[in-house]
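Structural characterization, general
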Amino acid sequence: MYTSADVTVGIVCRHPELLPRCFDGVLAQTATPARVLVIDHDCLPAVTVDDFVLRNLRCPVDVVRLESCNLPAETRNHALTLCRTPLLAWLDPAVVPSPDWLELMVDAIVPRCHCLARRAEKVVGVGGKTDYLNRGGAHAVPPRNYGERALDDAPCLWSGNAIYKVAALQAVGGYPAVPAGEEDAALGARLRQEGQVMLYVPGIVAAEL
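Described below are features of the structure shown in this document. (Residues numbered from 1 in each chain as written. Predicted model: local features only at pLDDT ≥ 70, side-chain atom pairs only at ≥ 80, totals over all residues. Heavy atoms only, no water.)

1. Notes on the overall build of the chain
If you tally the helices and strands in the chain, you get six helices and eight strands. In the chain, the succession of α and β elements from N to C terminus is β-α-β-α-β-α-β-β-α-β-β-α-α-β. Relative to a compact globule of 209 residues, whose C-alpha radius of gyration would be 17 Å, the chain shows 16 Å and is just as compact. Dimensions of the chain, computed from the C-alpha atoms along their principal axes, are close to 45 × 35 × 35 Å. (Helix = DSSP H or I, 4+ residues; strand = E, 2+ residues; numbered from the N terminus. Rg over C-alpha atoms; globule rule 2.2 N^0.38 Å.)

2. Brief notes about the environment of leucine 187
Looking at where leucine 187 falls in the secondary structure, it is placed in helix 6 (residues 183–193). Sequence-wise, leucine 187 and glutamate 208 are 21 residues apart; in three dimensions their C-alpha atoms are separated by 22 Å. Those residues within four positions of leucine 187 in sequence are excluded, and the remaining contacts are Tyr164, Leu169, Val172, Gly174, Tyr175 and Pro176. (Contact = heavy atoms within 4.5 Å.)

3. A few points about unusual backbone geometry
Here the bond from leucine 44 into proline 45 is cis, since omega is -5°, no more than 30 degrees from zero. Checked against the element boundaries, proline 45 lands in the loop between strand 2 (35–41) and helix 2 (51–56). If you check the backbone angles, aspartate 42 has positive phi at about 55° while not being a glycine. By the element assignment, aspartate 42 lies in the loop between strand 2 and helix 2. Judged by relative accessible area, which is 25%, aspartate 42 ranks as partly exposed. (Buried < 20%, exposed > 50% of the residue type's maximum accessible area, 1.4 Å probe, protein only.)

4. Focus on the sheet that holds strand 1 (residues 7–13)
Pairing in this open sheet of eight strands is mixed, and the strands run 3-2-1-4-7-6-8-5 from one edge to the other. Two strands bound the open sheet, and with one partner strand each, they are strand 3 (61–66) and strand 5 (95–97). Each adjacent strand pair in this sheet contributes to an overall mean axis angle of 30°, direction not counted. Here strand 1 pairs with strand 4 (residues 87–91) via five bridges, running parallel. Bridge pairing in strand 4 places glycine 10 opposite tryptophan 90. Relative to the sheet, helix 4 (residues 101–108) contacts strand 1, strand 4, strand 5, strand 6 (123–132), strand 7 (161–165) and strand 8 (197–208), its axis offset from that of strand 8 by approximately 175°. (Pairing = 2+ DSSP bridges. Axes fitted to C-alpha atoms, helices over the stretch in contact; angles between N-to-C directions.)

5. Examining the packing of aromatic side chains
Under the criterion given, the structure shown has one aromatic pair. Here tryptophan 90 and tyrosine 175 contribute two aromatic rings whose centre-to-centre distance is 6.3 Å and whose plane-to-plane angle is 70°, an arrangement assigned as edge-to-face. With tryptophan 90 in strand 4 and tyrosine 175 in the loop between helix 5 (166–171) and helix 6, this pair connects stretches of sequence that are 85 residues apart. The pair formed by tryptophan 90 and tyrosine 175 is uniform in burial state, with each residue classed as buried. Just above the ring of tryptophan 90 sits the side chain of arginine 76; from NZ or CZ to the centre is 4.6 Å. (Phe/Tyr/Trp six-rings, centres within 6.5 Å; stacked < 30°, edge-to-face > 60°. Lys NZ or Arg CZ within 6 Å of the ring centre and 35° of its normal.)

6. A word on the pairing of strand 6
Within strand 6, 10 of the 10 residues are buried, which leaves it mostly tucked inside the rest of the structure. Examined bridge by bridge, strand 6 and strand 8 share nine bridges and lie parallel to one another. Bridging across to strand 8, glycine 128 finds its partner in valine 201. As judged from the three bridges shared by strand 6 and strand 7, these two strands associate in the antiparallel manner. By the bridge assignment, valine 126 is partnered in strand 7 with isoleucine 163.

7. Some words on the pairing of strand 3
Relative to strand 3, strand 2 runs parallel, the two being bridged by six bridges. Across the sheet, the residue bridging to aspartate 40 is arginine 65, located in strand 3. Each parallel crossover has a hand, and the one from strand 2 via helix 2 to strand 3 is right-handed. (Right-handed = clockwise from strand over helix to strand, strands pointing away.)

8. As for the pattern of salt bridges
Side-chain pairs of opposite charge can arise whenever the charged atoms involved come near each other. Taken as a whole and assessed by the stated rule, the structure comprises eight salt bridges. Note that aspartate 62 and arginine 35 form a salt bridge whose closest N and O atoms lie 2.7 Å from each other. Here aspartate 62 is found in strand 3, whereas its partner arginine 35 is found in strand 2, with 27 residues between them in sequence. Among the residues examined, aspartate 62 registers a relative accessible area of 30% and is labelled partly exposed. A salt bridge links glutamate 67 to arginine 65; the nearest nitrogen and oxygen atoms lie 3.1 Å apart. Taken together, the salt bridges that share partners define one network made up of Asp40, Asp42, Arg65 and Glu67. (Salt bridge = Lys/Arg side-chain N within 4 Å of Asp/Glu carboxyl O.)

Pasting the structure below:
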């Protein structure tokens, strides 16, 4: 059984101007992670974390700067090497998680429902639904999600709103070195090839700015 203390929240940051809104969601969580790890992906200006966040978030916040524009897969793998907890939850700086996001992610990665009982130990990742914060805007479709129906064998998870077992990612060598935008599908294919299971749970909600 895991708790939120077993989770590092990783945020790969290319747009630091959006990060404060993401931290608003992290501050509002009903559960507290062990650590928040921000990877500064060659941002200009460099990423800084507001003093309000540092004073009010009940866990350490570490910022690691990468001076070169690596592929997203390489950047996420770097975060993976810095993770010291059994679970790694991903957010993007443009994503604001709902207050129960972390609590539900931790609960879902150890499924107890009858339909998944036989495969529970194979579940290595969970992804939530991501919609637009401004639903009345010009956006035609929600970003990167599978809609309203839960999936007990998702092909892949969008790494802007997901949680993984760190050992499972390490066992398959992390994210494959593929072009930007293809890393989630490539990781999903690696995990599925090893017989691992990823869940899509639309009740775990985040909003993209």
